[in-house]
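# Remarks on the overall topology
In case you want the letters, here they are:
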Amino acid sequence: MNLDIAVKPTQYFQIVKVVIHLLDINDNSPRFSKDEITWSLSETAAPGATFAVSLASDPDSPPNGIKSYELTGNRNLFRLRVTEGDAGPTDVHLVLKEQLDREDLSGYSLVITAYDGGTPRQSGSVTVNVNVVDANDNAPKFDNKTYEVNVYENAALGSTVAN
């Protein structure tokens, strides 16, 4: 901030230039717009599929603003892809690393944490719940290749003939 200050009375009149530098303190933690996100993801989603994550916000000045993101949870199946800009991260995506199988596990809970550049470093997080949607990817199977059943000729219609 630049200021010009006039000194009076007129016999002492002088203009003094004053420059004020404001130093931002790290008094805000990164925040996501929601505490929790739920996505439904088909088990047929291909590895490499990406899903955009809303960036966290931090009103502190750039040195104390958001500097990094971290994923905790199932890192075998998911990873974060963060695009960096001059002032910090500009884009965050969750990337599917492996094929999902609803028959193995129907859902995952992950946590994405944003960290700022202050000292001490502050953080904020969002929980991402991924519900795996079943696909018709398994053919029906019988326990045996053949079944032999005797049905009496006087059995009532709709009777169970085998279990």
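These notes cover the structure that comes with them. Small disclaimer: the values here were computed from a predicted structure and weren't measured.

For Gly-158, the location among the structural elements is in the segment after β9 (123-133). Judged by relative accessible area, Gly-158 falls into the exposed class, the value being 81%. Along the chain, Gly-158 and Asp-137 lie 21 residues apart, while their C-alpha atoms are 31 Å from each other.

Time to look at the packing of aromatic side chains. Here the structure, examined in full by the defined rule, presents four aromatic pairs. Between Phe-32 and Tyr-69 the ring centres are 6.2 Å apart and the planes differ by 65 degrees, which places this aromatic pair in the edge-to-face class. Of this pair, Phe-32 sits in the loop between β2 (14-19) and β3 (36-42) while Tyr-69 sits in strand β5 (residues 66-72), and the two are 37 residues apart along the sequence. According to the relative accessible area criterion, Phe-32 is buried, its value standing at 9%. Ring geometry for Phe-78 and Tyr-108: centres 5.8 Å apart, planes at 70 degrees, overall edge-to-face. Of this pair, Phe-78 sits in strand β6 (residues 78-85) while Tyr-108 sits in strand β8 (residues 107-116), and the two are 30 residues apart along the sequence. This pair shows no difference in class: Phe-78 is buried, exactly as Tyr-108 is. Looking at Arg-121, its charged tip hangs above the ring of Tyr-115, at a distance of 3.9 Å from the centre.

In this section: a positive patch on the surface. Together, Arg-75, Arg-79, Arg-81 and Lys-97 give the surface a local cluster of positive charge. With respect to the helices, strands and loops of the structure, Arg-81 is situated in strand β6. For Arg-81, a relative accessible area of 35% puts it in the partly exposed group.

Another aspect to go through is a negative patch on the surface. A cluster of acidic side chains, namely Glu-103, Asp-104, Asp-134 and Asp-137, defines a negative patch on the protein surface. Note on placement: Asp-137 falls in the segment after β9.

This part takes up the sheet that holds β3. The strand order β3-β9-β8-β5 describes an open sheet built from four strands, whose pairing is mixed. This sheet does not close on itself; its edge strands, each paired only once, are β3 and β5. Neighbour-to-neighbour, the strand axes of the sheet open up by a mean angle of 25 degrees, direction not taken into account.

The biggest cluster of nonpolar side chains holds 24 residues, and the ones touching the most others in it are Phe-32, Tyr-69, Phe-78, Leu-94, Leu-100 and Ile-112. Elements represented by at least two residues in this core include exactly β3, β5, β6, β7 (88-96), β8 and β9. Apart from residues lying up to four places away in sequence, Tyr-69 is in contact with Phe-32, Leu-55, Ala-56, Leu-80, Val-82, Pro-89, Val-92, Ile-112, Thr-113 and Ala-114.

Parameters and conventions
- Residues numbered from 1 in each chain as written.
- Predicted model: local features only at pLDDT ≥ 70, side-chain atom pairs only at ≥ 80, totals over all residues.
- Heavy atoms only, no water.
- Helix = DSSP H or I, 4+ residues; strand = E, 2+ residues; numbered from the N terminus.
- Buried < 20%, exposed > 50% of the residue type's maximum accessible area, 1.4 Å probe, protein only.
- Phe/Tyr/Trp six-rings, centres within 6.5 Å; stacked < 30°, edge-to-face > 60°.
- Lys NZ or Arg CZ within 6 Å of the ring centre and 35° of its normal.
- Patch = residues over 30% accessible without salt bridge, like charges linked within 9 Å, V, L, I, M, F, W, Y side chains within 5 Å.
- Areas by Shrake-Rupley, 256 points an atom, 1.4 Å probe, with all protein chains shown as cover.
- Salt bridge = Lys/Arg side-chain N within 4 Å of Asp/Glu carboxyl O.
- Lys, Arg positive; Asp, Glu negative; His and termini not counted.
- Charge placed at Lys NZ, Arg CZ, Asp CG, Glu CD.
- Pairing = 2+ DSSP bridges.
- Axes fitted to C-alpha atoms, helices over the stretch in contact; angles between N-to-C directions.
- Core = buried A, V, L, I, M, F, W, Y, C linked by side-chain atoms within 4.5 Å.
- Contact = heavy atoms within 4.5 Å.

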